[in-house]
Amino acid sequence: MRIYLALALQALWTGVCQAAMQHYPAAWGHYDVCKSQIYSDEGLTWDYMACQPEAADMTQYLKVTLDPPNITCGNPPETYCALENPYMCNNECDASTEELAHPPELMFDIEGRNPTTFWQSTSWKRYPKALLVNITLSWNKTIELTDDIVLTFESGRPEQMVLEKSLDYGRTWQPYQFYATDCLDAFTMEPKTVQDLTQHTLLDIICTEDYSRGYVWKYDKTVRFEIKDRFALFAGPRLHNMASLYGQLDTTKNLRDFFTITDLRIRLLRPATGATMVDENNLSRYFYAISDIKVQGRCKCNLHANSCVFDKEKLSCECEHNTTGPDCGRCKRNYQGRAWSAGSYLPIPKGTANICIPNNIGPVTPQVALSTAPSVHVANRKRARVCDNELMRCQNGGVCIGNVRCNCPAAYTGLLCEKPRCESELGGCRGAGSGQPPLRPASSFGPWQLVLLLGLALL
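Residues numbered from 1 in each chain as written. Predicted model: local features only at pLDDT ≥ 70, side-chain atom pairs only at ≥ 80, totals over all residues. Heavy atoms only, no water.

(A) Spotlight on the overall build of the chain. The number of helices and strands found in the chain is eight helices and 24 strands. Each of the 459 residues in the chain was classed as buried or not, and the buried ones make up 43%. Look at the contacts in the chain between residues 6 or more apart in sequence, and 65% of them connect residues 24 or more apart. Per element, the accessible surface of the chain, about 25200 Å² overall, is 53% carbon and sulfur. (Helix = DSSP H or I, 4+ residues; strand = E, 2+ residues; numbered from the N terminus. Buried < 20%, exposed > 50% of the residue type's maximum accessible area, 1.4 Å probe, protein only. Contact = heavy atoms within 4.5 Å. Areas by Shrake-Rupley, 256 points an atom, 1.4 Å probe, with all protein chains shown as cover.)

Right, dumping it as C-alpha cells:
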C-alpha cells in the first residue's frame, strides 16, 4: 500500500513540475505572467508573480535628434569620394531628391535594401577643425537593454567615438563606452575589451580599440556595445543560467541600473581616415554614414507589468499589482497600505510581486453614528474597500466585516490576515520556544467560531 501511495505521489509531483516548467520557462526567468487564479482554503484567489514585458526592437519607438541640426548632407548638394579610392568620386548627396537624400530616419529603416539606405553627414570640409556630431536617441520612457547595441557604418568606422547614456531623460549623461584606434592618445585610457571584465569590474567604463579600423571591410562595419557578454559573466557563456543573472540583478547594487536607460547618445568625434594622414586636398573622402542601429530591450515596469503599449507617440506600462505610472513606479490611489516597492526576481522562477495593498482604514464606524454624521458617512464611503472582491479576500481564516476590513484569528495579523502574528515577536515563529501557540491552518476554524466572530463584529 505504501509503495502504491509513493508511486502516486511521485507521479503527481512529476505532473506538477512539468506543468510549472511549461507555464514558466523558468529557470530562464521570462516572468511573462503577472497573476493567475488558484484554489486555496479560502476558495478561488489570485496568486501574484513578478512580471515584465517581452523584449522588442526599441528603435521603432524612439525619436532621433542631431546636433548640429544641419549636419546631414545634401543642403547644398555635395559629391563624395570613396575612402579607399580617392579617385572614385561619383557619390552624390542631394536633400531635395529622394533617391539621393540621406536623412536620419534611414538609420532605422528596413535592412537588406539594394542599394543600401543610410544617413550621411556633411564632409570634413572645415578640417582641421573637428568634425563633431551628436546623435541622440530618446524614448521618453525608461527601458532595459536585453541585447547588444549595434551600429552599422556605411562609411569607415569612426576613429574616435563615445557612447553615452542618460537615466533622466537627457538632463545628465554618463559614458557607456569609449572607442578609438588609439585609446591612450584619444582618451588617456588603457585599451580593454569586454573579455577583460569580471563580475567585480562589470560596471567599469572601458575604452576599446576593437571597433575603430579605418577601412570599410566586408565584415568590419559594425560597432558594438556588448550587453550579452556582460550578462554571460553571471549566466555563463551561452546564457544557460539566467537564474543566476536575475539573482544578481536583484541583489547587486547598481547592476540593474547599468542596463537601464531613457536616452542614448552617440558622439562621433573623428571620422575614418584610412589610418593615413588626412588628404587636405580631397576632404570629401571623410564623413560619417550609418545604415542601421539596433537597440533591443523592454519597457522598464519594475516587474509590475507584462505588457507595454505605444499610444500617442508614447510608451507606457500596463500596470498590474495595484500600481500605476509610466514605469509602474507608485501605488494606485487608495492602495497605499504599505510603501511601494519594485517587484523581485527572487525566488526563481516566479519572483515576488510586492503588490500594493489597500489603505488601512481602521475600525468600521457604527451605522447609528453614521446616520447622525452624514459627512463622516461620505468620507468613509470613499475609502478603499478591502475584502469585497476576489482580488482582496481575507486569508488564513480571517472574516470579512462590512466589506471593508478583515477580522483575523488570534494567530494572524495584517490587513488581509496574511502575516503570522509570531513573526513580530522575539524568537520568531519557531514553535514552543517563541512563546506563541502553534499556528493553525484556516480550515481549523469551525463554523461556530466564524459565527461568534461575526456576532462580535456586529455588536
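Don't stop here, the text continues.
(B) Structural view of the sheet that holds strand S15 (residues 289–294). Taken in spatial order, the four strands make up an open sheet running S7-S15-S9-S13, and their pairing is antiparallel. Two strands bound the open sheet, and with one partner strand each, they are strand S7 (119–120) and strand S13 (222–225). As defined by bridge partners, S7 adjoins S15 across two bridges and the pair is classed as antiparallel. Paired with Gln 120 across the two strands is Ala 289, which belongs to S15. (Pairing = 2+ DSSP bridges.)

(C) Structural detail: a negative patch on the surface. A cluster of acidic residues, Asp 182, Asp 185, Glu 209 and Asp 210, forms a negative patch at the surface. Position of Glu 209 relative to the elements: it lies in the loop between strand S12 (207–208) and S13. (Patch = residues over 30% accessible without salt bridge, like charges linked within 9 Å, V, L, I, M, F, W, Y side chains within 5 Å. Salt bridge = Lys/Arg side-chain N within 4 Å of Asp/Glu carboxyl O. Lys, Arg positive; Asp, Glu negative; His and termini not counted. Charge placed at Lys NZ, Arg CZ, Asp CG, Glu CD.)

(D) Representation of the nonpolar core within the structure. Counting 61 residues, the largest nonpolar core has Trp 119, Ile 135 and Trp 139 as the members making the most contacts within it. By residue number, the principal contributor to this core is strand S8 (residues 133–145), which donates six residues. Contact partners of Trp 139, with chain neighbours within four places excluded, come to Met 58, Tyr 61, Leu 62, Ile 261, Thr 262, Asp 263, Leu 264, Val 295 and Leu 315. Counting residues in each nonpolar core, the second largest holds eight residues, with Val 162, Phe 178, Cys 183 and Leu 269 among its members. (Core = buried A, V, L, I, M, F, W, Y, C linked by side-chain atoms within 4.5 Å.)

(E) Inspection of the environment of Pro 191 at higher detail. Positionally, Pro 191 belongs in the loop between helix H2 (183–187) and S12. Owing to a relative accessible area of 36%, Pro 191 belongs among the partly exposed residues under this scheme. Taking the C-alpha atoms as reference points, Pro 191 and Phe 178, separated by 13 residues in sequence, lie 9.4 Å from one another. Look past the residues within four positions of Pro 191 in its chain and what remains in contact with it is Cys 183, Cys 207 and Glu 209.

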